[in-house]
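Here are the chains, one letter per residue:
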Amino acid sequence: MTTLETLTAEEITEIDHEIALVPFRKAAAIEALKIVQQHRGWVSDESLRAIAGHLEISPDELDSVATFYNLVFRQPVGRNVILLCDSISCYVMGYEKIYGYLRDRLHIGFGETTPDGRFTLLPNACLGTCDRAPALMINNELFRDLTEARLDEILDGYH
Amino acid sequence: METPLTRHISFDRPPYNLSDYEKTGGYQALRKALTAMGPADITKTVQESDLKGRGGAGFNTGMKWSFVPMTGDHPIKYLICNADEMEPGTFKDRMLMEGNPHQLIEGMIISAFAIQANISYIFLRWAYKKAARLLRHAIDEAYAAGYLGKNILGTGYNLEMYLHTGVGRYICGEETALLNALEGKRATPRTKPPFPQISGLFGKPTIVNNVETFCNIPHIINNGPDWFKSLGGGSDAGTKIYGISGRVKRPGLWELPMGVTMRELIEVHAGGMANGYGFRGALPGGASTDFLVKEHLDVKLDFKSVAAAGSRLGTGTMIILDDHTCPVGFVHNLEHFFAQESCGWCTPCREGLPWTEKILLSIERGEGRLEDLQLLDMHTRFLGPGNTFCALAPGAMEPLQSALKYFREDFEKHINQKKCPWR
Ligand code: SF4
Ligand code: FES
């Protein structure tokens, strides 16, 4: 099996589009990681090797990039990723209560996934909506002015 | 009071599309810049307006542009909008991008023309999904209308614009680290010199400016440097997007003349402290600025006055420390952030920030010793300016050193009572 076989035709088309925009292949590394993560939810060792092969760099070099960024997932995540802001304005406005509530209800802490694969809970630096703190994001959806009371309703929207 | 940046922003209706924007005078400045002014003229006008960078550092924008080589053989130059905005407590650029995306794009095209760049990027933080959607749409509209692409307005000038979304790392907001991120590498900062104006993205001359900075450009071109200067109320030109988060009645953002006082911002615009909460201090411009306290309430929020009071205007978005929040917990939260976001390139920062964080955590838990305060003092010096590769570590020390100065008794209380008095 060559390493290239693990990237789908669709992924390769998207990555090649990014490569065409930059002066050398390697410069598309982050975009390539994002593309594969978009398709597969996370970047496994196998995917990483395949991307590295396509970019013509070593897997180690690509991994040093992948592990640098907070939102490249090198471990599987659940169907829905909860990013809870743990930065200063949310701290002042009570993010710890929100965290406590999520922990109690989902029985997971930061960095963990529910056994049914429904949620992964991650801490996240400032979501840039500090005037409406505390805030969290689930997948691409932003929720602000959080209260414990609203959390149930929010979580129920994700399966 | 004039509010050029936000006059056309209202979240009660969808943001302006191209034709709405044109109806309010949009892209007139671009026409003027490209047809009636030359690159040198634009740079000079911006320099004379005394527009200082709104990303935190406060350097004269036109001056920065003037370092880009305009003679000789430079077929490729880049212009980049730093829309990373990951400083905790800072949320102003979101409003500008979501509220009026064409204003940013017009400002970028004029700026790119001034330095004769043919490729531009918006480096947007990943969390700004709505801004990404709106910017993408606005960029497409600008291409379709001939404001981007080949032969803009028939002048022979070409510019491509790309939207790049980050994958989450605070250090990407540092100008040279951002360049590395765009090159697909780890976002560690680069040595200066060479400055990016000479050797930036892919080794080519590059200008990086903040969103709010670019948004000012069309207005300066339309109305001139004197008009821009007359907008400011303190020692700085123009208006500023100020913001407040924390326990105030109305947290939010306001465009006000540069140099509004802290008191006016808190008491008038934010409606004062929330019921039952008192004011103890504030970080005037994001997580990496020194605390100002009650005695500073009449300080004008411009670059010079805030510096004279011992802090930095930074991004102009203020985080309030109220009298129900533990100052040690507050600073611990900040240092946790900085320790986590250290890029790890240089030892003092990589090792010193987690150490600082641990000490603060133990004090907060009631397990601290008085000697710890000396250790913290030591860190504020060893991680201070000049001892690390970039400004992240010194920035991290600003809230800490000022907290040790203004709230020392709170630290001592934790240690003496062997618990957090606030919990
Ligand atoms: S000060 Fe910190 S963030 Fe800056 S280069 Fe050193 S390790 Fe990286
Ligand atoms: S601190 Fe939570 S959104 Fe900014």
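Residues numbered from 1 in each chain as written. Chains lettered and ligands numbered in written order. Predicted model: local features only at pLDDT ≥ 70, side-chain atom pairs only at ≥ 80, totals over all residues. Heavy atoms only, no water.

In the annotation of an unreviewed UniProt entry, the entry for chain B reads NADH-quinone oxidoreductase subunit F, and the organism field reads Dyadobacter pollutisoli. Listed in UniProt under the heading Function (unreviewed entry), the comment for chain B reads: "NDH-1 shuttles electrons from NADH, via FMN and iron-sulfur (Fe-S) centers, to quinones in the respiratory chain." (UniProt positions renumbered as here; feature names shortened; annotations may be inferred.)

Identification of chain A as NADH-quinone oxidoreductase subunit NuoE from Dyadobacter pollutisoli is taken from an unreviewed UniProt entry. Of the comments in the UniProt record for chain A, the one headed Sequence similarities (unreviewed entry) reads "Belongs to the complex I 24 kDa subunit family."

Moving on, we get to the pattern of salt bridges. Tallied over the entire structure, the rule returns 33 salt bridges over all chains. Linking R105 of chain A and D156 of chain A is a salt bridge whose minimum nitrogen-to-oxygen distance equals 3.2 Å. Here D156 of chain A lies in helix α7 (residues 148-156) and R105 of chain A lies in helix α6 (residues 95-106), a separation of 51 residues in the sequence. One network of salt bridges, in which partners are shared, links R54, K92, D93, E212 and K240 of chain B. (Salt bridge = Lys/Arg side-chain N within 4 Å of Asp/Glu carboxyl O. Helix = DSSP H or I, 4+ residues; strand = E, 2+ residues; numbered from the N terminus.)

Let us now look at the interface of chain A and chain B. A common way to report how large an interface is uses the accessible area buried once the components associate. Taken together, the 39 residues of chain A in the interface contact 53 residues of chain B. Across the interface of chain A and chain B, roughly 3,600 Å² is buried in total on both sides, 60% from carbon and sulfur atoms. The interface formed by chain A and chain B includes one salt bridge. A salt bridge links E96 of chain A to R423 of chain B; the shortest N-O distance between them is 3.4 Å. (Contact = heavy atoms within 4.5 Å. Buried area = accessible area lost by both parts, 1.4 Å probe.)

What follows is about the packing of helix α2 (residues 28-36) of chain B against helix α6 (residues 101-115) of chain B. Residues and elements named next belong to chain B. It is at 9 Å that the axes of α2 and α6 come closest, and there the two elements cross at 10°. In terms of orientation, α2 lies roughly parallel with respect to α6. Of the residues in α6, those touching α2 at Q28, A29, L30, A33 and L34 are E106, I109, I110 and F113. Of the residues in the contact of α2 with α6, the class split is seven nonpolar, one polar and one charged. (Axes fitted to C-alpha atoms, helices over the stretch in contact; angles between N-to-C directions. Parallel < 35°, antiparallel > 145°, perpendicular 65-115°, else oblique. Nonpolar A, V, L, I, M, F, W, Y, C, P; charged D, E, K, R; others polar.)

Our focus in this paragraph is the site of ligand 1. Around ligand 1 sit I171, P189, S342, C343, G344, W345, C346, C349, T388, F389, C390 and L392 of chain B, and that is every residue in its neighbourhood. Residues belonging to the shell around ligand 1 are distributed by class as follows: nine nonpolar, three polar and no charged. (Near = heavy atom within 4 Å.)

Before going further, it helps to spend a moment on the packing of aromatic side chains. Scanning the model with the defined rule gives 18 aromatic pairs over all chains in all. Ring centres 3.9 Å apart and planes at 5° place the aromatic pair Y99 of chain A and F110 of chain A in the stacked group. A residue pair is termed long-range when its members are at least 10 positions apart, and Y99 of chain A in helix α6 and F110 of chain A in the loop between α6 and β2 (112-113) qualify at 11 residues. Look at Y99 of chain A and you get buried, because its relative accessible area is 13%. Under the relative-accessibility criterion, F110 of chain A is labelled partly exposed at 26%. Here the guanidinium or amino end of R169 of chain B rests over the ring plane of F68 of chain A, the centre of that ring lying 4.3 Å away. (Phe/Tyr/Trp six-rings, centres within 6.5 Å; stacked < 30°, edge-to-face > 60°. Buried < 20%, exposed > 50% of the residue type's maximum accessible area, 1.4 Å probe, protein only. Lys NZ or Arg CZ within 6 Å of the ring centre and 35° of its normal.)

All names here are of chain B. It is the contact of helix α14 (residues 347-364) with helix α16 (residues 392-406), at a shortest axis distance of 10 Å, that shows an interaxial angle of 20°. Relative to α16, α14 is oriented roughly parallel. Read as a crossing pair, α14 and α16 show a hand that is left-handed. From α14, C349, L353, T356 and L360 reach across to α16, where they touch L392, A393, A396, M397 and L400. (Left-handed = near helix turned anticlockwise from the far one by under 90°.)

On to the sheet that holds strand β7 (residues 252-257) of chain B, then. All names here are of chain B. Taken in spatial order, the five strands make up an open sheet running β7-β6-β10-β8-β9, and their pairing is mixed. Of all strands in the sheet, those with a lone pairing partner are β7 and β9 (292-293), marking the two edges. One ladder, built from three bridges, connects strand β6 (residues 239-245) with strand β10 (residues 317-322); its direction is parallel. Counterpart to G243 in the pairing with β10 is T317. (Pairing = 2+ DSSP bridges.)

Another aspect to go through is the side chain of N180 of chain B. Residue and element names in this part refer to chain B. Tracing the backbone shows N180 in helix α8 (residues 175-182). Relative accessible area serves as the criterion here: at 6%, N180 is assigned to the buried category. Setting aside its immediate chain neighbours within four residues, N180 contacts K185, R186, A187, T188 and R190.

Moving on: a nonpolar patch on the surface. Residue and element names in this part refer to chain B. Taken together, the side chains of F59, M63 and F67 make up a nonpolar region of the molecular surface, amounting to roughly 270 Å² of accessible area. You can see F59 is positioned in the loop between α3 (39-49) and α4 (61-66). F59 sits in the partly exposed class, given a relative accessible area of 44%. (Patch = residues over 30% accessible without salt bridge, like charges linked within 9 Å, V, L, I, M, F, W, Y side chains within 5 Å. Areas by Shrake-Rupley, 256 points an atom, 1.4 Å probe, with all protein chains shown as cover.)

Residue and element names in this part refer to chain A. In this structure's numbering, the residues bearing the UniProt feature "binding site: [2Fe-2S] cluster" (unreviewed entry) are C85, C90, C126 and C130. What stands out for the annotated residues spanning 46 residues is how close their C-alpha atoms remain, the widest pair being 9.4 Å apart. Mapped onto the fold, C90 is located in helix α5 (residues 88-92). Once you skip the residues sitting within four places of it in the chain, C90 turns out to touch C85, Y95, A133, P134 and A135. The class for C126 is buried, based on a relative accessible area of 2%.

Turning next to helix α7 (residues 129-144) of chain B. What sets the pattern is the α-helix's 3.6 residues per turn: residues three or four places apart point alike. Residues and elements named next belong to chain B. Between its first and last C-alpha, α7 extends 23 Å over 16 residues, near the 22 Å set by a 1.5 Å rise per residue. For α7, the full list of buried residues reads A131, A132, L134, L135, A138, I139, E141 and A142. In this structure, the buried side of α7 is in contact with α1 (18-23), α5 (92-99), α6, β2 (119-124) and β4 (157-165). Phi turns positive, to about 85°, at G146, one or two residues after α7. (Expected span 1.5 Å × (residues − 1).)

A separate point is the pairing of strand β1 (residues 80-85) of chain A. All names here are of chain A. A large share of β1 lies buried, amounting to six of its six residues. Looking at chain direction, β1 and strand β4 (residues 136-138) are connected through three bridges and run antiparallel. Across the sheet, I82 pairs through a bridge with I138, a residue of β4.

Another aspect to go through is the sheet that holds β2 of chain B. Residues and elements named next belong to chain B. Spatial strand order, β3-β4-β2-β1-β5: five strands in an open sheet with mixed pairing. The open sheet has two edge strands with one neighbour each: β3 (149-152) and β5 (206-210). Strand after strand, the sheet turns through a mean of 25° between neighbouring axes, direction not considered. Two elements, strand β1 (residues 78-83) and β5, share five bridges in a ladder whose sense is parallel.

In the predicted model, chain A carries a mean pLDDT of 94, and the fraction of residues at 70 or more is 97%. Mean pLDDT in chain A bottoms out at α7 of chain A, which sits at 94, and peaks at α5 of chain A, which reaches 98. (pLDDT = per-residue confidence, 0-100.)

Moving on to the environment of V65 of chain A. Residue position: V65 of chain A is located in helix α4 (residues 59-66). Overall, V65 of chain A belongs to the buried group, its relative accessible area being 7%. Between the C-alpha atom of V65 of chain A and that of L33 of chain A, which follows or precedes it by 32 residues, the distance is 9.3 Å. Discounting chain neighbours no more than four positions away, the residues touching V65 of chain A are I30 and L33 of chain A together with G184, K185 and R186 of chain B.

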